[in-house]
Number of protein chains: 2
Amino acid sequence: MAYRKLEDHGWIEARPQSGYYVKRRAWREPPEPQITAPPARTTPVNMGDMVVKILRDGMRGDVVPLGAAVSGTELLPVKQLSRLAGMIARRSPVAASSYDPSPGHEPLRVQVARRAMEAGCALSPDDIVTTTGSQEAMGLCLRAVAKAGDTIAIESPTYYGLLQQIEVLGMRALEIPMHPRDGVSLEALELALDREAVKACLFVTNFNNPLGCSMPEENKQRLVKMLDRRGIPLIEDDIYGDLPHDGPRPGTCKMYDETGNVMLCSSFSKTLAPGYRVGWCAPGRWREQVTRLKLYTTLATATLPQMAVAEFLANGGYEHHLRKVRRMYAEQVSRAREAVCKYFPPGTKATSPKGGFVLWVELPGGVDSLELHERALKERISIAPGPIFSATMRYRNFVRLNCGYTWSDRIEGAMKRLGEMVGEMGA
Amino acid sequence: MAYRKLEDHGWIEARPQSGYYVKRRAWREPPEPQITAPPARTTPVNMGDMVVKILRDGMRGDVVPLGAAVSGTELLPVKQLSRLAGMIARRSPVAASSYDPSPGHEPLRVQVARRAMEAGCALSPDDIVTTTGSQEAMGLCLRAVAKAGDTIAIESPTYYGLLQQIEVLGMRALEIPMHPRDGVSLEALELALDREAVKACLFVTNFNNPLGCSMPEENKQRLVKMLDRRGIPLIEDDIYGDLPHDGPRPGTCKMYDETGNVMLCSSFSKTLAPGYRVGWCAPGRWREQVTRLKLYTTLATATLPQMAVAEFLANGGYEHHLRKVRRMYAEQVSRAREAVCKYFPPGTKATSPKGGFVLWVELPGGVDSLELHERALKERISIAPGPIFSATMRYRNFVRLNCGYTWSDRIEGAMKRLGEMVGEMGA
């Protein structure tokens, strides 16, 4: 019974036919950060040079890649996908070289719709527009529903790519408080919507970047109803939705959308191949507008990558691949949390992501993450400092750590070194 | 001597070791349209449903393709390019699957710069940003130098894709008169710039679409100086520059640019593979801004298509391919002009393109090209009616005919039928 209790508490684990073992991760869980408290006013977005510099630094080949949210290619099916692309190029050279204008390659739209249906979301191929990654999808959706000067409600913190889209479109941001496990605070959102003229909400509902949290299904339903009632469209980024660490795929807000008010965006950049630039959106009642905006701005998504992804989804073992990488990401995120506990000074806090591959860490004692970024880079370690995740440059004592790579001594060493630096800086 | 004179006039041709022959195209050249006279005021752009509907109709697989400016795939090296793409995918699966963020794939930028240098235009790989086709390039350049409400000077008529970009960005257009052989009237442009606050010029300087004309080199020099003096950037679309029907490649305005005021855009959609969506721009002194806008809006161009195009430019016989298709396009445009002469009613006029593969035809007797488009479509012939080439829906009695396909009885028959319809409508 005592064993069972320890197991319940996660200190030991039962292995079939072997008895009980002390779990490798028998470390004390780090406390989680508090609910965020961004300012309750809209703001223009001007991320400027900082983000670009940090991104470029993080892409250098000689750094330990804890910065950009990228998977190790060893975790992606790059060989199978490349084999498919090669086969398709040879078998269908004409089709692969020809325009397949917006709304995009039909067999891919069929596969995306099929997978959505299997996940409980009623989409038809005609509901879908393929895009150059979800970055373009997001931009098209924003342009369809808002214009320069309009206010977009975003999560705080949120993915800097969304801030960049808002910035280039000349829109304003309204940061909404985030709960570290449940995502957007619906209470705070409702207050904000009462006070400000919000033109759209742009939320990452599952395994949000950088927090790694997901909205409970009940909150998704409430959110859809709330926004529908107010006539405010929801742009939903579900790019990490296929990557739960355990259990079934979570739902999307789109599942509960009965009026076409939800514009769902995603891509295969996190699960198959970032360089293929294959994303998509299901823009609800703005389908015509988004299709046209895509046609007007980039005309079509590259055909061969779309064909290869469609074929992989149809016959390439995408589900099998997902099962494998989910376990890997779970392990890698767990290792990173463990390393934070082990190497970072007391008072450090971290989120407990249930999917995806990023970890959000709160540094103790007023340690400045921009300074940490500079110091770490000198030792060839890249991290993503907190302020790039906020329109108002908050979260200076936070960092996002990428856990997309297979755990290694090099990564372990970098985590140890980061912890030491944080210790020095906070002393 | 009489023979020589006839040859000079193009009625007969000398064939080496064979004597003189009456040329197959011993038909009377159609007269050319006059210089255009658009309204001298700026206008918002709202092409709306018309263009989209016409584009979609033109992409139907069952129509004679005289609408969209697309090459027959038999004229593109789709097999060689596909073989290269397949080889690269297998040989470098990791690179082909990874992000290659803005400014884009370096080996491609090296090849683009090399070709520009060979054509007399000093560009380095660092000057270049790769894009999702030249459609994206154009949009990025526009966004770098102008904002919603600003006025962009354009050719009249001009390619509808440029009008669409201006429309989605909420900018205004100022149509500048075009000479049917020399392109933009610099005199008219100068007057317009004196009168209106123009934020940028967006011109297709070589084998312009739809007229098929090029600016004389002297005019290019004058234009560069004029705009430089006034501090108005020139966005130069050179997408057809590689396709002269005869003689060397024409220059670009960028060649004469000493201050970085010219933003040169192009792509491989007209010469290699539209579906690869590989374009580029050399944005002069807005390089940083364009690089960042690309990063913010679509992050990166698909990697594998860029690798395949770079390899084709380096070792695939691009020049050899160009020599072949230039002859083909020359022949096809000539055949189309001949057919216009033969089948269209007296009073029909046509341009005499020296490159590219589109022909601009003025219909006699007030024949309405939108109506002709509808009638023709019923008989499964697609054409591009004049009004889609103007922000003010001018050119109702003009059509653009695509000559990108190998001449065939089917095309000849469609031309004949079009001529008959025009005759009926004008009677």
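In this text, all values refer to a predicted model and were calculated from it rather than measured experimentally.

K.L.:
I'm lost on the interface of chain A and chain B in this one. Help?
P.N.:
For an interface, size is often stated in terms of accessible area lost upon the parts coming together. Each side of the interface is counted separately: chain A has 56 residues, and chain B has 56 residues. By the criterion of area lost to chain B, the three top residues of chain A are A:Ser97, A:Tyr99 and A:Tyr296, representing 16% of everything that side buries. Run the count over chain A and chain B and you get 2 salt bridges. Put simply, B:Arg56 and A:Glu288 hold a salt bridge, and the shortest N to O gap is 3.8 Å. Taken together, the connections running from chain A to chain B amount to 17 residue pairs in polar contact (both at pLDDT 80 or more).

K.L.:
I tried to follow the packing of helix H5 (residues 106–118) of chain A against helix H11 (residues 303–315) of chain A on my own but got confused; where do I start?
P.N.:
Any two packed helices are characterised by the angle at which their axes cross and by the distance between the axes. All names here are of chain A. Running from amino to carboxyl end, H5 crosses H11 at an angle of 40°, the nearest separation of the two axes being 8 Å. Our classification of the angle between H5 and H11 gives oblique. Of the two elements, H5 crosses H11, and the hand of that crossing is left-handed. Here H5 contributes Pro-107, Leu-108, Gln-111, Arg-114 and Arg-115 to the contact with H11, which in turn contributes Gln-306, Val-309, Ala-310, Leu-313 and Ala-314.

K.L.:
Any chance you could explain the packing of aromatic side chains here in plain terms?
P.N.:
In this description, a pair of aromatic rings is defined by centroid distance and the angle of the planes. Residues and elements named next belong to chain A. If you walk through the whole model with that rule in mind, you get 20 aromatic pairs over all chains. For the pair Trp-360 and Phe-398, a centre-to-centre distance of 5.1 Å together with 15° between the ring planes defines the contact as stacked. Remark: Phe-398 occurs in strand S16 (residues 398–402) and Trp-360 occurs in strand S14 (residues 358–362); sequence separation between them is 38 residues. Since its relative accessible area comes to 1%, Trp-360 is described here as buried.

K.L.:
Sorry if this is basic, but what is going on with the relation of the copies chain A and chain B here?
P.N.:
Each copy of the chain is related to the other by a rotation around an axis and a translation along that axis. Least-squares fitting of chain A to chain B yields an RMSD of 0.0 Å, with the transformation described by 0.0 Å of translation along the axis and a rotation of 180°. Expressed as an axis order, the relation between the two copies is that of a two-fold axis. Across chain A, the smallest distance between a C-alpha and the rotation axis is recorded for A:Gly86, namely 1.8 Å. Most of the interface of chain A is mirrored in chain B: 100% of its interface residues are interface residues there too.

K.L.:
Is there a simple way to explain the nonpolar core in this structure?
P.N.:
Residues A:Phe268, A:Tyr276, B:Phe268 and B:Tyr276 are the most contacted members of the largest nonpolar core, which totals 84 residues. Those residues in contact with B:Tyr276 that lie beyond four places of it in its chain are A:Ala96, A:Ser97, A:Ala302, A:Leu304, B:Leu81, B:Ser82, B:Ala85, B:Pro305, B:Ala308 and B:Val309.

Criteria and cut-off values
Residues numbered from 1 in each chain as written. Chains lettered and ligands numbered in written order. Predicted model: local features only at pLDDT ≥ 70, side-chain atom pairs only at ≥ 80, totals over all residues. Heavy atoms only, no water. Contact = heavy atoms within 4.5 Å. Buried area = accessible area lost by both parts, 1.4 Å probe. Salt bridge = Lys/Arg side-chain N within 4 Å of Asp/Glu carboxyl O. Polar contact = N/O pair within 3.5 Å; in protein donor to acceptor, adjacent residues only side chain to side chain. Axes fitted to C-alpha atoms, helices over the stretch in contact; angles between N-to-C directions. Helix = DSSP H or I, 4+ residues; strand = E, 2+ residues; numbered from the N terminus. Parallel < 35°, antiparallel > 145°, perpendicular 65-115°, else oblique. Left-handed = near helix turned anticlockwise from the far one by under 90°. Phe/Tyr/Trp six-rings, centres within 6.5 Å; stacked < 30°, edge-to-face > 60°. Buried < 20%, exposed > 50% of the residue type's maximum accessible area, 1.4 Å probe, protein only. Least-squares fit on C-alpha atoms with pLDDT ≥ 70 in both. Core = buried A, V, L, I, M, F, W, Y, C linked by side-chain atoms within 4.5 Å.

So, to be careful, I would describe these as geometric facts and stop short of saying anything about function.
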